[in-house]
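What the coordinates show
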Amino acid sequence: MAQQQIPKTQKCIAVLWPSFLVAIVATGLFFSAFDPADLYPFGKDTEISRLGIYSIGFLFFWLISTISGIGTLYFAITNCMRQNTESQGQ
Amino acid sequence: MAEVDKQTPVPAGDTDEQVEKSLYAKAAKIYPREVHGLFARLRVMGVLSLLGIYYITPWLRWEGHQALLLDLPARKFHIFFITLWPQDFIYLAALLIIAGLLLFFVTAIAGRIWCGYACPQTVWTEAFLWIERKVEGDRSKQQKLDAQAMNARKFRLKATKQILWIAFAGWTGFTFVGYFTPIMELGQRLVTFELGPWETFWVIFYGFATYGNAGFMREQVCKYMCPYARFQSAMFDRDTLIVSYIPERGEPRGSRKRSDDPRLLGLGDCIDCTLCVQVCPTGIDIRNGLQYECIACSACIDACDDVMEKMGYEKGLIKYTTENTMHGSTSHIIRPRIVIYAAIMLAIMSLFAWSFSQRVSLGLDVIRDRNQLYRETDTGLIENVYILKVLNMDDTAHRYKLAVSGIPGMEMRMDLPEIRVESGDVLELPVRLQVDEDELKARSSEVEFTLVADDDPTLSATESARFLGPR
């Protein structure tokens, strides 16, 4: 599957959607174990409400897994392209 | 789908390559035709009761609090008479596993019945389709309207639909947040424009997701985003209920007059009216065999039965059936797959019920003072300092007795006169343990704290810790 055959929307969904699901699980696991009130990010006591910390945590997890998803997509596509060019060259 | 595809008649040319192409093709808008019949009625009943449960539940009260409140700000989940704490995370995980197994079990027996009747994607799409039909009219009117250039009427209809959609989605988002933060106060803050920034964010986020998924993405969510749609075929076998067209009866398809005898014309029972395609919410032709896009909503069954009745033919040209029945063998409900799913499910359910009944509404955590390993007292004893966190998860206040064991002659010193914890409170209790150095066998020994409620000996918790000394 060469790159130009996958529409942009599909690529966005393929990255954002699984990472969204992963972020939900990660947020649930993380904040079951750690109470935001006990956390002092960078040694500072924040004044953000728990709901705020949960939300920021969720968005952070989503960002992280999105970055990982973009990496996976990038390597998958470029590997496919390279294999295509190699097979054409033979 | 692999397993089932092999057994189902698939028209020539429907290769993997084509499937792949269709997977990534730009989607054309699908206008599902409205359908009436037995299964449509069942689905409407399902949709109404599920929407009812969703929108009403947060407003229910139980003994002075919201009956179902996953109170994230307070880190407590209220489920009617049960209160769950972060420590009870395992029960929620077990519930999810049970729900997953139940889905496997139901899928193996009845196919994608979840998709067709109960999935939130189906439920909200039905609701949005209903609004769309009320405003814009039926399938053909919608198609005509979309083909028109923008005019006053089109603008009015589109704007009405959008306003209704957005209002409905907004209410859905508000209700969603109401599961996580008390909905009464949330409602008050909403009307006085005092919603917190994150509450506002989640109302809009969830509302937008509803609007996008049910208004625009629709069947594409099932086709491209749903993990269950991809792996459900793994639960399928030849005895699983599927929606299928009976090609032996229907082919060769062709149009004819009602008065014609199809046998004389050399035709099967399918009059090729394409109503089954028009009503399909995922836009497939069920006559091409079982396809993974099929969410088993059985709209095509209703549509086809209606036509068969009008033509005076027997109903059931498209029907719920199984691979085995279609190929002339008998179907079995009880088979190894079903027994195994049921056994695992029952085992986890009983384990869950047993462990939940054994749940003690008392939490004890022991944290060693990290600042110093140990210290020597004026009287020459070795002393370690601990912070005990006592969490009363019961719904009444209790007084507790603390005991410690592990090293002979160990003394316990507490600054508090008594250990009394209100319902739902956490008490931080500094405790010092003092030991004669001669009694220490090693640099690190195990000690065990035991906490018991005065009025209820079943309310007890034990937690071990390390006692560090010079040796």
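Just so you know, these numbers come straight off a predicted model, no measurement behind them.

The rules we used
- Residues numbered from 1 in each chain as written.
- Chains lettered and ligands numbered in written order.
- Predicted model: local features only at pLDDT ≥ 70, side-chain atom pairs only at ≥ 80, totals over all residues.
- Helix = DSSP H or I, 4+ residues; strand = E, 2+ residues; numbered from the N terminus.
- Rg over C-alpha atoms; globule rule 2.2 N^0.38 Å.
- Buried ≥ 20, exposed ≤ 12 C-beta atoms within 10 Å, placed from the backbone.
- Contact = placed C-beta atoms within 7 Å.
- Pairing = 2+ DSSP bridges.
- Axes fitted to C-alpha atoms, helices over the stretch in contact; angles between N-to-C directions.
- Nonpolar A, V, L, I, M, F, W, Y, C, P; charged D, E, K, R; others polar.
- Domains from an automatic or database assignment.

Along its length, chain A carries 2 helices and 0 strands. In terms of overall size, chain A is more extended than a compact globule, its C-alpha atoms giving a radius of gyration of 19 Å where 90 residues would be expected to give roughly 12 Å. Each principal axis of the C-alpha atoms in chain A carries an extent, and together these give about 60 × 25 × 20 Å. Expressed as a percentage of the 90 residues in chain A, the buried residues total 12%. Long-range contacts, defined here as pairs at least 24 residues apart, represent 86% of the contacts in chain A between residues at least 6 apart.

Residues and elements named next belong to chain B. Strands sit in the order β13-β11-β15-β16 across an open sheet of 4 strands; the sheet is antiparallel. Edge strands, defined here as strands with exactly one partner in the open sheet, are β13 (419-421) and β16 (460-468). Neighbour to neighbour, the strand axes of the sheet diverge by 30 degrees on average, direction disregarded.

Listed as interface residues are 12 residues of chain B and, on the opposing side, 14 residues of chain A. Among the elements of the structure, α10 (197-217) and α11 (219-225) of chain B are those that each provide at least two residues to the side of chain B that touches chain A. Grouping the amino acids of the side of chain B that touches chain A by side-chain chemistry returns 9 nonpolar, 1 polar and 2 charged.

Residue and element names in this part refer to chain B. Tracing the backbone shows glutamate 309 in helix α16 (residues 299-311). Take glutamate 309: there are 12 C-beta atoms within 10 Å of it, and that puts it in the exposed class. Counting along the chain gives 223 residues from glutamate 309 to proline 86, while the straight-line C-alpha distance between them is 58 Å.

For the rest of this paragraph, the subject is the domain arrangement of chain B. In terms of domain boundaries, chain B breaks down into domain 1 (1-359) and domain 2 (362-468). Each of domain 1 of chain B and domain 2 of chain B has a C-alpha centre, and the two are 54 Å apart.

Attention shifts here to the sheet that holds strand β5 (residues 82-84) of chain B. All names here are of chain B. Taken together, the 3 strands give an open sheet; going across it, the order is β3-β4-β5, and neighbouring strands pair in antiparallel fashion. Since the sheet does not close on itself, it has two edges, and those belong to β3 (68-71) and β5, each with one partner. Between one strand axis and the next, the sheet turns through 15 degrees on average, direction left out of account.

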